[in-house]
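# Architecture at a glance
Read off the chains here:
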Amino acid sequence: MEKVKVGIIGPGNIGQDLMIKISRNPFLELTCVVGIVESPGIKRARDMGVDASPDGVDYLIQHYKDDIRIVFDATSAKGHIENAKRLRPAGIFTLDLTPAALGPFCVPAVNLNDDMLKQPEVNMVTCAGQATTPMVAAINRVADVYYAETVSSLASLSAGPGTRANIDEFTQTTRTALEKIGGADCARALIILNPAEPSIFMSNTIYCRVRNKDMDAITKACDDCLRTMQSYVPGCRYKMRPILKDPEDDIVMLIVEVEGQGDYLPMYAGNLDIINAAAIRIAENKAKEILGVA
Amino acid sequence: MSIIITDTTLRDGSHSVRHQFSKENIASLVSGMDKAGVSIIEVGHGDGLAGSTCNYGFTKESDTDMVQVAAQTAQNARIAVLLLPGIGTVPDLQKAWDAGARVVRIATHVTEADISHEHIEAARKMGFFTIGFLMMAHRAQPEKVLEEARKMESYGAQVVYATDSAGALLPDGVRQRVALLKEKLSIPVGFHSHNNLGLAIGNSLAAIEAGATYIDGSLGGLGAGAGNTATEMLTTVLERANIPTGIDLFGIMDTATQVLQPIISSLGVTLPKTQDAMMLGYAGVYSSFMLHARRAAERFGVDYRKIIITAGERGAVGGQEDWLYRIAREIAESK
C-alpha cells in the first residue's frame with residue numbers, strides 16, 4: 001500500500017520515539033530526519049536507513065519539498081517559530097510538539113476533524129493537556145463543567161530541561177486547553193514532579209465542578225472517552241473511575257494513568273508517549289485524507 | 001550573630017484550619033506579631049500562591065486580600081508569600097508584590113530545584129527578597145541538597161532553606177545538611193522544621209549550631225502535621241542561648257494565647273498547652289511548681305510567668321512550693 005512521506009525536525013528524545021512509532025505505522029513513511037548537530041538521533045535515523053542531516057529545516061525543504069507532506073517539529077518553541085517560516089510557504093502540514101502554539105490546539109479525542117487537517121499546522125498542547133482535556137470535554141458535554149482542575153504527576157526523569165525551565169508555560173498552556181478544548185468555564189492545571197525510584201507512571205487527577213451531577217451520564221461519558229483515548233494511547237487507563245469527591249458537593253474526581261509503549265522512551269514516560277501518540281494519530285488521519293482512504 | 005525568625009502561622013498554620021483564616025484574623029495576628037518584633041510574617045494558603053484548589057482545599061480569602069490586609073497592618077514586619085512552581089506562576093507572584101508582599105520563598109521538592117529558575121529570577125527582578133526553599137530535605141543526601149541549593153543560589157536566591165517538610169530528620173541529619181550548605185554557599189542558610197518526631201526545637205537549635213541564620217516558627221507551633229517549631233518557644237530557647245532574635249518574649253506568647261487561640265477555637269482547633277511548662281525551662285524552676293504557681297496566679301490575679309521567673313531568680317529549690325504564694329502575693333502588692 002502507498003504511504004505518505006513524513007519528516008522529523010529535532011531528533012531528541014521525542015523525535016527518536018516518533019521514529020519508532022512512524023516505522024510501525026501503515027500510512028506513514030519516515031523519509032527525512034533533520035537536526036542542527038550530528039547527534040545520536042541523527043545516527044539512529046541513518047541506522048534505520050532514513051536520510052538524516054544536521055543541516056536543519058533548510059535541508060529538509062531543499063531535498064523533499066515536493067515529497068514530504070507532513071512534518072513533526074520536536075525542537076523548541078523558539079525553534080518552531082523559525083521553522084514555521086520555512087514550512088508554511090512549502091505547504092507542509094506541520095505537527096508542532098513544542099509550546100510555540102502558532103496553530104490551533106489539537107487533542108485527537110476531542111477535536112480532530114476535517115477542518116483541523118486543513119490547517120497549515122496544529123499544536124499538540126502539552127502532555128498533560130493531551131491526557132486531561134478529553135475527560136473534561138466528555139464530562140462537560142453531559143454535566144456542564146464550570147471549573148476544571150487537573151493535577152499531573154510526572155516522573156522527574158521524564159521531564160526534560162525545556163519543561164523544567166518553562167513550567168509556568170506548561171501549566172498555563174494546559175489550563176488554556178482545558179478551557180478552550182475541554183469546555184470548562186475556567187480551569188487550573190497543576191504539575192508535580194516526583195523523583196521516586198523506580199519512576200512513577202504519569203498520573204493525572206481530574207476534578208470537575210459540574211452544574212449537573214448525573215453520575216451515570218458522567219461515568220458513561222468518561223468510559224467512552226477512555227476507549228477513544230485507548231485507540232491511540234493503549235497505555236491509558238483509569239486509576240480511579242469517576243466519583244463525587246464528597247457526595248454533598250459538586251466535584252467529580254477521576255484519575256487516569258498513562259503507561260508509555262516503551263518505544264524509545266521508557267514505559268513510565270507516559271507523558272511523552274501520549275503527546276507523540278496523539279501526533280501520530282493526527283498524522284495518520286492526514287495521511288488517509290491525502291491517500292483518499294477512509 | 002542574630003537569628004531571623006520567619007513566622008508562618010498564617011501560611012503553614014493555614015493547613016491546620018483548612019485555610020479558613022479571615023481577613024480580620026490575619027489583621028489581628030499580624031498586628032500582634034508585628035508589635036512583638038517578628039520581622040518576616042508569611043501569609044497565604046498552606047500550599048502557597050494559587051494553592052486554593054480542589055486538590056488542596058479552598059481558602060476563605062483570596063491571595064491578594066490576604067497579602068493586602070497583612071501588608072497594610074504591619075508597621076515593621078515584611079510580608080512573605082510562598083510559591084510552589086507547578087502550582088503558582090510568575091503572574092501570581094506579581095499580584096502578590098502589587099498587594100504588598102516583599103519576601104518570597106520559592107519552594108520545590110529537594111531534588112527538583114531547576115523548576116524554580118524562572119520564578120527566582122522573576123522575583124528578584126520585581127524586587128522581592130527571594131528565598132529558595134528545598135522541601136522534603138530528608139529525601140536527599142547532604143551532597144544532593146547542596147547541589148540543588150547551588151542551583152537556587154545561581155538563579156539569584158538570597159537565602160536557601162533546608163526544609164524538613166516531613167518532620168523526619170534527626171538533629172544529626174539537620175546538622176549535616178545545614179553545615180554543608182553553610183560551608184559551600186555564599187548566601188545565608190535557613191531551616192524549617194516540623195514537630196512530627198517531637199524534634200522541632202532541637203532540630204532548629206542543631207541548625208543554628210551548624211550555621212543557619214534563618215529559622216521558621218509559628219505561634220503555638222500551628223502548622224501541618226504536628227506543626228512547626230513554636231515561635232514563642234524558639235524565642236525562649238534562643239534567649240537562653242544568648243542569641244538575639246529581636247522578638248519580645250511575653251509579647252509573642254500573648255499573641256499565641258490571646259490572639260491566635262480564640263481564633264482557632266472558633267475553627268475547632270486547640271493549641272497544645274506548652275507555654276506554662278516552657279516557662280519552667282526558661283526560668284530553671286522545679287517542674288512540680290507549675291500547677292501550684294497557676295493556682296497562686298489565679299488566687300492573687302497575677303501573671304503566672306512572673307511568679308515562675310521570680311522563683312527562678314530567687315533560686316527556689318524543689319520542695320519550696322510555699323514560696324509561690326509568697327511571690328504571688330508580693331507581685332500583687334507591688335502593682
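Residues numbered from 1 in each chain as written. Chains lettered and ligands numbered in written order. Predicted model: local features only at pLDDT ≥ 70, side-chain atom pairs only at ≥ 80, totals over all residues.

Before going further, it helps to examine the sheet that holds strand E3 (residues 78–83) of chain B. All names here are of chain B. One closed barrel holds the 8 strands; their spatial order is E1-E2-E3-E4-E5-E6-E7-E8, and the pairing between them is parallel. Each neighbouring strand pair of the sheet contributes to a mean axis angle of 25°, computed without reference to strand direction. Strand direction decides the pairing type here: strand E5 (residues 129–135) and strand E6 (residues 159–163), joined by 4 bridges, are parallel. The residue bridging Leu134 from the neighbouring strand is Ala162, located in E6. Helix H5 (residues 142–155) rests against E5 and E6 of the sheet, and its axis sits at about 155° to E5. Sheet strands in contact with helix H6 (residues 171–184) are E6 and strand E7 (189–192), and its direction is about 160° off that of E7. (Pairing = 2+ DSSP bridges. Helix = DSSP H or I, 4+ residues; strand = E, 2+ residues; numbered from the N terminus. Axes fitted to C-alpha atoms, helices over the stretch in contact; angles between N-to-C directions. Contact = placed C-beta atoms within 7 Å.)

Looking now at the interface of chain B and chain A. In this assembly, 15 residues from chain B lie in contact with 19 residues from chain A. The residue inventory of the side of chain B that touches chain A, partitioned by class, reads 5 nonpolar, 7 polar and 3 charged. (Nonpolar A, V, L, I, M, F, W, Y, C, P; charged D, E, K, R; others polar.)

All names here are of chain A. Considered domain by domain, chain A is made up of domain 1 (4–125 + 275–291) and domain 2 (127–267). Spacing between the C-alpha centres of domain 1 and domain 2 amounts to 25 Å. Taken together, the contacts link 20 residues of domain 1 with 23 residues of domain 2. Here the side of domain 1 that touches domain 2 is composed, by residue class, of 13 nonpolar, 4 polar and 3 charged. (Domains from an automatic or database assignment.)

Below, the discussion takes up the nonpolar core. One finds Ile139 of chain A together with Ile41 and Val104 of chain B to be the most contacted residues of the largest nonpolar core, which totals 208 residues. A total of 10 residues in this core trace back to one element, the largest contributor, which is helix H11 (residues 270–291) of chain A. In this structure, Ile41 of chain B is in contact with Asp7, Leu10, Val30, Met33, Ala70, Ala74, Ala77, Ile79 and Ala80 of chain B, ignoring residues within four places of it in sequence. (Core = buried A, V, L, I, M, F, W, Y, C linked by C-beta atoms within 7 Å. Buried ≥ 20, exposed ≤ 12 C-beta atoms within 10 Å, placed from the backbone.)

With that settled, consider the confidence of the model for chain B. In this model, chain B carries a mean pLDDT of 96, and residues with pLDDT of at least 70 account for 100%. This complex was scored by the predictor with a pTM of 0.92 and an ipTM of 0.89. (pLDDT = per-residue confidence, 0-100.)

Turning our attention to the environment of Tyr147 of chain A. All names here are of chain A. Along the chain, the position of Tyr147 falls in strand E7 (residues 145–155). For Tyr147, a count of 18 C-beta atoms within 10 Å gives the class partly exposed. Taking the C-alpha atoms as reference points, Tyr147 and Val136, 11 residues apart in sequence, are found 9.6 Å from one another.

A word on the domain arrangement of chain B. Residues and elements named next belong to chain B. You can read the domains of chain B as domain 1 (4–266) and domain 2 (275–334). The interface is formed by 7 residues belonging to domain 1 together with 4 residues belonging to domain 2. The element best represented in the side of domain 1 that touches domain 2 is helix H8 (residues 231–240), accounting for 4 residues. Considering only residue class, the side of domain 1 that touches domain 2 consists of 3 nonpolar, 2 polar and 2 charged.

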